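Structural overview
Here's the letter readout for the chains.
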Number of protein chains: 2
Amino acid sequence: MKIIVDAFGGDHAPLEILKGCAQAVQEYGVEIMLTGREETIRRVARENQIPLDHMEIVNAQDVISMDDAPGEIMKSRNGCSMAEGLRQLAAGNGDAFLSAGNSGALVIGTTMIVKRIRGVKRLSFAPVMPKRKGFFLLIDGGANVDCRAEMLQQFGVMGSIYMEKVMGIESPRVGLTNVGTEDHKGGELQHESFELLRQTPGLNFIGNIEARDIPEDAADVVVADGFTGNVILKLYEGVALTMMSMIKSIFTKNLLTKLAAAIVMPEMRSLKKQLDYNEYGGAPIMGAAKPVFKVHGSAKATTVKNAIRLTKAYVEENVVGEISAALGKSGGAQ
Amino acid sequence: MKIIVDAFGGDHAPLEILKGCAQAVQEYGVEIMLTGREETIRRVARENQIPLDHMEIVNAQDVISMDDAPGEIMKSRNGCSMAEGLRQLAAGNGDAFLSAGNSGALVIGTTMIVKRIRGVKRLSFAPVMPKRKGFFLLIDGGANVDCRAEMLQQFGVMGSIYMEKVMGIESPRVGLTNVGTEDHKGGELQHESFELLRQTPGLNFIGNIEARDIPEDAADVVVADGFTGNVILKLYEGVALTMMSMIKSIFTKNLLTKLAAAIVMPEMRSLKKQLDYNEYGGAPIMGAAKPVFKVHGSAKATTVKNAIRLTKAYVEENVVGEISAALGKSGGAQ
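How each quantity is defined
Residues numbered from 1 in each chain as written. Chains lettered and ligands numbered in written order. Predicted model: local features only at pLDDT ≥ 70, side-chain atom pairs only at ≥ 80, totals over all residues. Heavy atoms only, no water. Core = buried A, V, L, I, M, F, W, Y, C linked by side-chain atoms within 4.5 Å. Buried < 20%, exposed > 50% of the residue type's maximum accessible area, 1.4 Å probe, protein only. Contact = heavy atoms within 4.5 Å. Salt bridge = Lys/Arg side-chain N within 4 Å of Asp/Glu carboxyl O. Helix = DSSP H or I, 4+ residues; strand = E, 2+ residues; numbered from the N terminus. Pairing = 2+ DSSP bridges. Axes fitted to C-alpha atoms, helices over the stretch in contact; angles between N-to-C directions. Least-squares fit on C-alpha atoms with pLDDT ≥ 70 in both. pLDDT = per-residue confidence, 0-100. Expected span 1.5 Å × (residues − 1). Buried area = accessible area lost by both parts, 1.4 Å probe. Polar contact = N/O pair within 3.5 Å; in protein donor to acceptor, adjacent residues only side chain to side chain. Patch = residues over 30% accessible without salt bridge, like charges linked within 9 Å, V, L, I, M, F, W, Y side chains within 5 Å. Areas by Shrake-Rupley, 256 points an atom, 1.4 Å probe, with all protein chains shown as cover. Right-handed = clockwise from strand over helix to strand, strands pointing away.

Focus: the nonpolar core
One finds Ile-214 of chain A together with Ile-214 of chain B to be the most contacted residues of the largest nonpolar core, which totals 105 residues. Not counting chain neighbours up to four residues away, the residues in contact with Ile-214 of chain A comprise Lys-131, Phe-136, Ile-209, Val-222, Ile-232 and Tyr-236 of chain A together with Leu-235 of chain B. Core analysis: the next-biggest nonpolar cluster, separate from the first, contains 64 residues, Ala-22, Val-30, Ile-50 and Phe-293 of chain A among them.

Here it is in structure tokens:
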């Protein structure tokens, strides 16, 4: 299996990306195709003694930064590392593509270059996020600001397949984000989506869920339109970060509180790790005709390695084929 | 000044409501009109030695519970404490109404009985919530699931007036909740709302804000459609509660961690208090023709007392008149 990796996506590229790839080659026996400035890749690998065995490099001079408008991905003249990776994937020169770069650009690039599975109405950015125990998939996390009910139905189906096949959750509980748990809650979009999800064969749809219950354990797949999903994704992170920082300032107040901090430090670290959705290996771009995977922008080597493992499962479990069977032109949920 | 209080709204009614009212009479010199079962009120007051000086009671037999459908408020035959309070307010027998009961019922009851300020398109439920330092107003917190841009514009205006007049924030920063901070972000509703808010005279509109930044300090007035606002309100609470409970389980792990807990306990308590939006005194129902105020359902005496202080300011600062001047038939933002 060959995973194509954007060597220049993310805050710690290319060094941490290269390290993660080298670890993945060793641990999972995958082949890697790196896209990006070949000269820099070779220099950084040499300087840090990272072996490039089982890795090939496809040169691309430009990089889409986190601050670039997502549409820029289609404009680069010299080829950018992300677009080049997507082109290599579309051409069949690898089995999946992975990037820690600009999420918006990745969604647009995937739509334009890799394209959707026939029958899938929209691609979705679907981050795996932490809850009290384990994790849930949020779909859509922000790829589609304006959504119709048919799209939310497909998000539920795609999310369920991913959580079952890649994350190993049996019969994942699919919940619709709403302003209350009663069946009739919400506006037109929620009413229609509720009915479509309820009627989808084979889906473990548990009905409406409230945002209050998501952090404890509302569902395995949290379905929302992309606007709401993006607010959930960002507020979740914002509240957790602010609280962590407030707690930190309590612990650093004086010598005595620093002692207290030392006592609970290992547990607090593991809590922080648990809340860091970085650890769960990012977000698949669901509905793409070939596996495309987004890693968190701040990913370091271990996260990149984990993401490669998930991407490998994404390929091996034939998630694209499963989605195509469920939603494709001959599929059930049209 | 006479504040009408729903003696049977909330989890700790009527005892904590009565206590809070008695404290408010003493501290703020207000008159109180209590609505609810007179017999029970007199018995509870007697048993707990709560003086009923400067309080009159208007009997109402029924109570809207937290689990009742909001529409039930208009159906009671024997008069319910919330509807009776709203009727007394509408009839001019008091200056403001306050309830810790069912929020949805309060919005519907206010719409039907107290009615809107002429020119205001929709009432809004606008909770005051904690941020890292101080608080912000979320408007709309869930009264209007489907919103048009003109409504969001009015939310911004009403929220700004409340934060300035009642909460004492000079020239409050008004932000529009969006999927990014750039001007062009979001869907049609956000684009139109952005333009209307930008063009509103006298409003300190700071543009689009992201949910990630709300807990630190994105704005003093966070404008959102009621669906998104409700998700923000509930997720905020959910993430904070889950984190607090996870931290608690760290601290209670063994003797040593319990020692650590004892050291930081006072600070952790004050953090918890800071994050408890209960403390900030609830949510005005903005746009009503007379002041209506929602207290958190779990409110105890001190919160009820604080809410009466805010309700008094709501009356004294003539917030209704200010909103009417800004949005009324002859006002600017039509």
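A few points about the pattern of salt bridges
The tally for this structure, following the rule as stated, stands at 38 salt bridges over all chains. In this structure, the salt-bridge partner of Glu-38 of chain B is Arg-42 of chain B, at a minimum N-O distance of 3.0 Å. Here Glu-38 of chain B pairs with Arg-42 of chain B, and both are found in helix H2 (residues 38–47), just 4 residues apart, close to one helical turn. When the shortest N-O distance is used, the salt bridge between Arg-212 of chain B and Glu-210 of chain B registers 4.0 Å. Salt bridges sharing partners connect three or more residues here, namely Lys-131, Arg-173, Asp-217 and Asp-220 of chain A.

Re the sheet that holds strand E4 (residues 96–99) of chain B
Residues and elements named next belong to chain B. Pairing is mixed across the open sheet formed by 7 strands, whose spatial order is E3-E2-E1-E4-E12-E11-E5. The open sheet has two edge strands with one neighbour each: strand E3 (55–59) and strand E5 (124–125). Here E4 runs beside strand E12 (residues 292–294); their pairing, made up of 3 bridges, is parallel. Bridge pairing in E12 links Phe-97 to Val-292. Lying over the sheet, helix H3 (residues 81–90) contacts strand E1 (2–6), strand E2 (31–36), E3, E4 and E12, oriented at roughly 170° with respect to E4.

Let's talk about the relation of the copies chain A and chain B
Taken as rigid bodies, chain A and chain B are interconverted by a rotation of 180° and an axial shift of 0.0 Å, the fit giving an RMSD of 0.0 Å. Classification of the inter-copy transformation places it as that of a two-fold axis. Relative to the rotation axis, the closest C-alpha in chain A is found at Ala-260 of chain A, a distance of 2.1 Å. Comparing interface residues between copies, 100% of those in chain A also lie at the interface in chain B; the contact surface is shared.

A few points about the confidence of the model for chain A
Mean pLDDT over chain A works out to 92, with 96% of the residues at or above the 70 mark. Interface predicted TM-score (ipTM) for the complex: 0.92; the corresponding pTM is 0.93.

Some points on the environment of Ala-13 of chain A
Residue and element names in this part refer to chain A. Of note, Ala-13 is situated in the loop between strand E1 (2–6) and helix H1 (15–28). Put simply, Ala-13 and Gly-297 are 284 residues apart on the chain and 9.3 Å apart in space, counted from C-alpha to C-alpha. Discounting chain neighbours no more than four positions away, the residues touching Ala-13 are Ala-7 and Phe-8.

Some remarks on helix H10 (residues 301–316) of chain A
Working note: α-helix, 3.6 residues per turn, so residues spaced by three or four point in the same direction. Residue and element names in this part refer to chain A. For H10, spanning 16 residues, the distance from its first C-alpha to its last is 23 Å, which sits close to the expected 22 Å at 1.5 Å a residue. Among the 16 residues of H10, 12 are classified as buried, and the element is accordingly described as predominantly covered. Among the residues of H10, those classed as buried are Ala-301, Thr-303, Val-304, Lys-305, Asn-306, Ala-307, Ile-308, Leu-310, Thr-311, Lys-312, Ala-313 and Tyr-314. A positive backbone phi angle near 50° is found at Asn-318, which sits one or two residues after H10.

Here we look at the interface of chain A and chain B
Buried accessible area, meaning the area lost when the parts come together, often serves as the stated size of an interface. With 51 residues of chain A at the interface, the matching set in chain B holds 51 residues. Between chain A and chain B lies a buried interface of about 4600 Å² when both sides are counted; carbon and sulfur atoms form 76% of it. Our enumeration of links across chain A and chain B arrives at 6 salt bridges. One can count 12 residue pairs in polar contact (both at pLDDT 80 or more) joining chain A with chain B. Counting residues per element, the ones that place at least two in the side of chain A that touches chain B are strand E8 (174–178), helix H6 (188–198), helix H7 (214–217), helix H8 (226–251) and helix H9 (255–275) of chain A.

Some thoughts on a nonpolar patch on the surface
Residues and elements named next belong to chain A. Together, Met-74, Ile-108 and Met-112 make up a nonpolar patch on the protein surface, roughly 250 Å² of accessible area in all. Residue position: Met-74 is located in the loop between strand E3 (55–59) and helix H3 (81–90). Here Met-74 falls in the partly exposed class, since its relative accessible area comes to 38%.

What to know about H3 of chain A
Residue and element names in this part refer to chain A. For H3, the buried fraction is high: 8 of the 10 residues fall into the buried class. Every buried residue of H3 is accounted for by Ser-81, Met-82, Ala-83, Glu-84, Gly-85, Leu-86, Gln-88 and Leu-89. The inward-facing, buried residues of H3 contact E1, strand E2 (31–36), E3, strand E4 (96–99), helix H4 (103–114) and strand E12 (292–294). Backbone geometry just after H3 places Gly-92 at a positive phi near 85°.

Examining the pairing of E2 of chain A
Residue and element names in this part refer to chain A. The buried fraction of E2 is high, at 5 of 6 residues. Looking at chain direction, E1 and E2 are connected through 5 bridges and run parallel. Bridge pairing in E2 places Asp-6 opposite Thr-35. You can see the chain leave E1, run along H1 and come back into E2, and the turn it takes is right-handed. Where E2 and E3 come together, 5 bridges link them in parallel fashion. Residue pairing in the sheet places Gly-36 in a bridge with Asn-59 of E3.

With respect to unusual backbone geometry
The residue after Ile-139 of chain A, namely Asp-140 of chain A, is reached through a cis peptide bond having omega 20°. Tracing the backbone through its elements, the reader meets Asp-140 of chain A in the loop between strand E7 (135–139) and helix H5 (149–165). Following Ala-13 of chain B, the chain continues into Pro-14 of chain B via a peptide bond in cis, with omega recorded as -5°. Of note, the phi angle at Gln-49 of chain A is positive, near 50°, even though the residue is not glycine.

So, the side chain of Gln-190 of chain A
Relative to the assigned elements, Gln-190 of chain A resides in helix H6. A distance of 2.9 Å separates a polar atom in the side chain of Gln-190 of chain A from the backbone nitrogen of Gly-187 of chain A. When sequence neighbours within four positions are dropped, the list of residues in contact with Gln-190 of chain A reads Leu-176, Thr-177, Asn-178 and Lys-185 of chain A together with Val-145 and Phe-227 of chain B.

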